[in-house]
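Tertiary structure, described
Listed here are the chains, written in short residue letters.
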Number of protein chains: 2
Amino acid sequence: MTAPLRLLLAGYGTVGQALHELIRDAGLSQELPVVGVVRSDGAWTDPKGLAPGEPQGEAPRDLDVLEALDAVDADVLVELTPSDLDTGEPGLTHIRTALEHGHHVVTANKGPLVVDYAGLTGLARDRDLAMRFEAAAGASLPIMNLREFCLRGNPVHRLEGILNGTCNYILTRMTEEGLPYGTVLSEAQALGFAEADPSLDVGGWDAAAKAVILANHVLDVDLALEDVEVSGIQALTPSAVQLARKRGYAVRLIAQASRDGTASVAPRLVPEGSPLNVAGTLNVVRLVTEHAGPLALTGRGAGGRETASAVLSDLLAVQERYR
Amino acid sequence: MTAPLRLLLAGYGTVGQALHELIRDAGLSQELPVVGVVRSDGAWTDPKGLAPGEPQGEAPRDLDVLEALDAVDADVLVELTPSDLDTGEPGLTHIRTALEHGHHVVTANKGPLVVDYAGLTGLARDRDLAMRFEAAAGASLPIMNLREFCLRGNPVHRLEGILNGTCNYILTRMTEEGLPYGTVLSEAQALGFAEADPSLDVGGWDAAAKAVILANHVLDVDLALEDVEVSGIQALTPSAVQLARKRGYAVRLIAQASRDGTASVAPRLVPEGSPLNVAGTLNVVRLVTEHAGPLALTGRGAGGRETASAVLSDLLAVQERYR
């Protein structure tokens, strides 16, 4: 048996708990023991591995992430705290510190990658540490691993896609039912498909952050959020959406980026037969490759279990490479 | 620099020549030298690596594939001879012999895999040799590498898709233009989209062979071609196709396989908004995963350069693993 890869989870919300359960359900608790969990209300540790679910037993310890990494001798920091696209914190400090102290990192957190992609990936490379983040953009869509492992020797020139399920849900209902934006948004909020403050989603910023991360990895560019031209869907009227439909198009919020370093997020007309024309909360990413033309990958772009499955795939890739 | 991986190409048609050119154009001639080419009219060898294109210089040597592997001390047999779905030959003997003599194998040839999937992959596993065949099913669609490298820890329960571009082209034109099957087939033959003997394509056998290979790898089953229930598209009438269209469906030749070992290829009704509803010569494969729901991959399912790009990706995976 390979040596276990000891995990410290920073953040223990929907994704963290789903990951912990996936590890248990797949019979991987010995190979991938969760030796610590750090939340805002304290840290729980067990060198033999914690069980999934609400932390039990002893009162939490007062440890920050770095202290916890040292206290439990973890191999990998799994960074799952909430994203802040402006500062990248607290994930940015967690990840940087973990790498500086020789720990691998797997994360689903967009913020640190948007704020300092080159710095974090460079730090990992210089120290021959893993820094994987498949779950940070497109949840279960394995775009970055597809590029790394499945398109070897085949450069990607451009990417485009639908990276925000909330916007796609709103646009789909505006198209199919002729409803106004505000009505669909309120219903989406009631159903839990949209946040109480929906501005990051409907303003296009969530999609732009994911486009930055994907582009930097897949196209090997060095984009920041301010390099992306961003327009949201707030100003779209039902009549514009219906008119497009009559002419054989759907209106979709399309993120795109090219190897020349240009990137945008904006509502665009997509022909009805196009692989980019997906409905509801689905996400899609289309990579234009040099030798095999365009490849499109469609799937669920959100969800705790879906996101956790991408984190698990990354952890198993770290295990294969370093154990 | 890593040690070179010396290639022997068995078969040197469209795919073989495209691969040879891709290797040169990517600047990989030192890392992946083509030290021999075996065609039906003889073998050309050069320990320093042959240049792409019609073999030049000396008269060909009278060597079979095994003799050529030994003569040039090749590391990898790249098997690209024409597919025979009944016997698997000559590729089956080439691959088996190469593995028995300690050579890695990368192939785009469906025949050997359909006839003896378990035997060939078992032989490779027992001897810790690479046996990769991404290009054998779905050309540039990296389904098998997606499963292996991008969905770690996420079991796949079912796959379904469009695996034959010729049938999809015919069905798309029957749908969009209301033309009869025979008319579209003749035009497809004139354009080079269909073979002079189209029975393998339109009868569903080409799709069935690809489904067997994909299912055996992705679902970890042990299917043979005779386990697949196969119906082709020959009997479809324009009126049936048009009626489906009026009701919001497209008729598509769908291959499907499940983990319980059942598999079929048959014309099916696909809803217009479904990711499986792709047009023209595109292929699509949808994997139903345990943790992330369905994932669909759409792209070009045929073409010399597209197929060669999948072979190259496999060769670089062998290099990473064994060098």
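Each remark here, short or long, concerns the structure printed above.
Figured I'd write up the structure that's included with this text. (Residues numbered from 1 in each chain as written. Chains lettered and ligands numbered in written order. Predicted model: local features only at pLDDT ≥ 70, side-chain atom pairs only at ≥ 80, totals over all residues. Heavy atoms only, no water.)

Digging into the packing of aromatic side chains
Residue and element names in this part refer to chain B. Evaluated as defined, the whole model comprises five aromatic pairs over all chains. Ring centres of Tyr169 and Phe193 lie 4.8 Å apart, and the angle between their planes is 85°; on these two criteria the pair is classed as edge-to-face. Residue Tyr169 is found in helix 6 (residues 165-177), and its partner Phe193 is found in the loop between helix 7 (181-191) and helix 8 (199-202); the two are separated by 24 residues along the sequence. Taking relative accessible area as the criterion, Phe193 reaches 39% and is therefore assigned partly exposed. (Phe/Tyr/Trp six-rings, centres within 6.5 Å; stacked < 30°, edge-to-face > 60°. Helix = DSSP H or I, 4+ residues; strand = E, 2+ residues; numbered from the N terminus. Buried < 20%, exposed > 50% of the residue type's maximum accessible area, 1.4 Å probe, protein only.)

Looking at the sheet that holds strand 9 (residues 249-258) of chain B
Pairing is mixed across the open sheet formed by 12 strands, whose spatial order is 8(A)-10(A)-9(A)-7(A)-11(A)-12(A)-12(B)-11(B)-7(B)-9(B)-10(B)-8(B). Two strands in the sheet have a free side with no partner beyond their single neighbour: strand 8 (228-230) of chain A together with strand 8 (228-230) of chain B. Recorded for the sheet is a direction-independent mean angle of 30° between the axes of neighbouring strands. In this structure, strand 12 (residues 293-300) of chain A lies alongside strand 12 (residues 293-300) of chain B, joined through three bridges in antiparallel fashion. Following the sheet pairing, A:Leu297 is matched in strand 12 of chain B by B:Leu297. Each of strand 7 (156-162), strand 9 and strand 11 (282-289) of chain B is contacted by helix 6 of chain B, which is oriented at about 155° to strand 9 of chain B, the strand it contacts most. (Pairing = 2+ DSSP bridges. Axes fitted to C-alpha atoms, helices over the stretch in contact; angles between N-to-C directions. Contact = heavy atoms within 4.5 Å.)

Re the pattern of salt bridges
Scanning the entire structure with this criterion turns up 32 salt bridges over all chains. Here A:Glu306 ties to A:Arg300 by a salt bridge, and the two come within 3.0 Å at their closest N and O atoms. Owing to a relative accessible area of 11%, A:Glu306 belongs among the buried residues under this scheme. With a shortest N-O distance of 3.0 Å, B:Arg96 and B:Asp116 are connected by a salt bridge. On the criterion of sequence distance, the pair formed by B:Arg96 in helix 3 (residues 91-100) and B:Asp116 in helix 4 (residues 110-126) is long-range, its members being 20 residues apart. (Salt bridge = Lys/Arg side-chain N within 4 Å of Asp/Glu carboxyl O.)

Structural notes on the relation of the copies chain A and chain B
Aligned on chain B, chain A shows an RMSD of 0.0 Å; the corresponding rotation is 180° and the shift along the axis is 0.0 Å. The superposition operator between the copies reduces to a two-fold rotation axis. Distance from the rotation axis, computed per C-alpha, reaches its smallest value in chain A at A:Leu297: 2.3 Å. An overlap of 100% is found between the interface residues of chain A and their copies at the interface of chain B, pointing to a shared contact surface. (Least-squares fit on C-alpha atoms with pLDDT ≥ 70 in both.)

A short note on the environment of A:Ala137
All names here are of chain A. By secondary structure assignment, the location of Ala137 is in the loop between strand 6 (131-132) and helix 5 (143-150). On the accessibility criterion, Ala137 (0% relative accessible area) is buried. Spatially, the C-alpha atoms of Ala137 and Glu54 are 27 Å apart, while their sequence positions differ by 83 residues. Apart from the residues lying within four places of it in its own chain, the contact partners of Ala137 are Met144, Lys210 and Leu214.

Quick notes on the sheet that holds strand 4 (residues 76-79) of chain A
Pairing in this open sheet of six strands is mixed, and the strands run 3-2-1-4-5-6 (chain A) from one edge to the other. Edge positions in the open sheet fall to strand 3 (42-45) and strand 6 of chain A, since each of these has one partner strand only.

Points about unusual backbone geometry
Residues and elements named next belong to chain A. In this structure, the amide linkage connecting Glu89 to the following residue, Pro90, adopts the cis form with an omega of 5°. Considering the arrangement of structural elements, one finds Pro90 in the loop between strand 4 and helix 3 (91-100). The backbone phi angle of Asp220 is positive, close to 55°, even though this residue is not glycine. Position of Asp220 among the secondary structure elements: in the loop between helix 9 (205-218) and strand 8.

Observations regarding the interface of chain A and chain B
Contact with chain A, which involves 32 residues of that partner, is made by 32 residues of chain B. Overall, the association of chain A and chain B removes approximately 2,900 Å² of surface from exposure, summing both partners, and the carbon and sulfur fraction of that is 59%. Among the residues of chain A in contact with chain B, A:Cys150, A:Arg152 and A:His291 are the three that bury the most area, contributing 24% of the side total. Where chain A packs against chain B, one counts two salt bridges. For the pair chain A and chain B, the number of links is 10 residue pairs in polar contact (both at pLDDT 80 or more). Elements represented by at least two residues in the side of chain A that touches chain B include exactly helix 5, strand 12 and helix 11 (304-322) of chain A. Its residues placed into classes, the side of chain A that touches chain B shows 16 nonpolar, 10 polar and six charged. (Buried area = accessible area lost by both parts, 1.4 Å probe. Polar contact = N/O pair within 3.5 Å; in protein donor to acceptor, adjacent residues only side chain to side chain. Nonpolar A, V, L, I, M, F, W, Y, C, P; charged D, E, K, R; others polar.)

A look at the environment of B:Lys210
Residue and element names in this part refer to chain B. Tracing the backbone through its elements, the reader meets Lys210 in helix 9 (residues 205-218). Residue classification places Lys210 among the buried residues on the basis of a relative accessible area of 9%. Separated by 46 residues in the primary sequence, Lys210 and Asn164 place their C-alpha atoms 8.9 Å from one another. Once you skip the residues sitting within four places of it in the chain, Lys210 turns out to touch Lys110, Ala136, Ala137, Gly138 and Leu163. Side chain to side chain, Lys210 and Asp206 meet in a polar contact 2.8 Å long.

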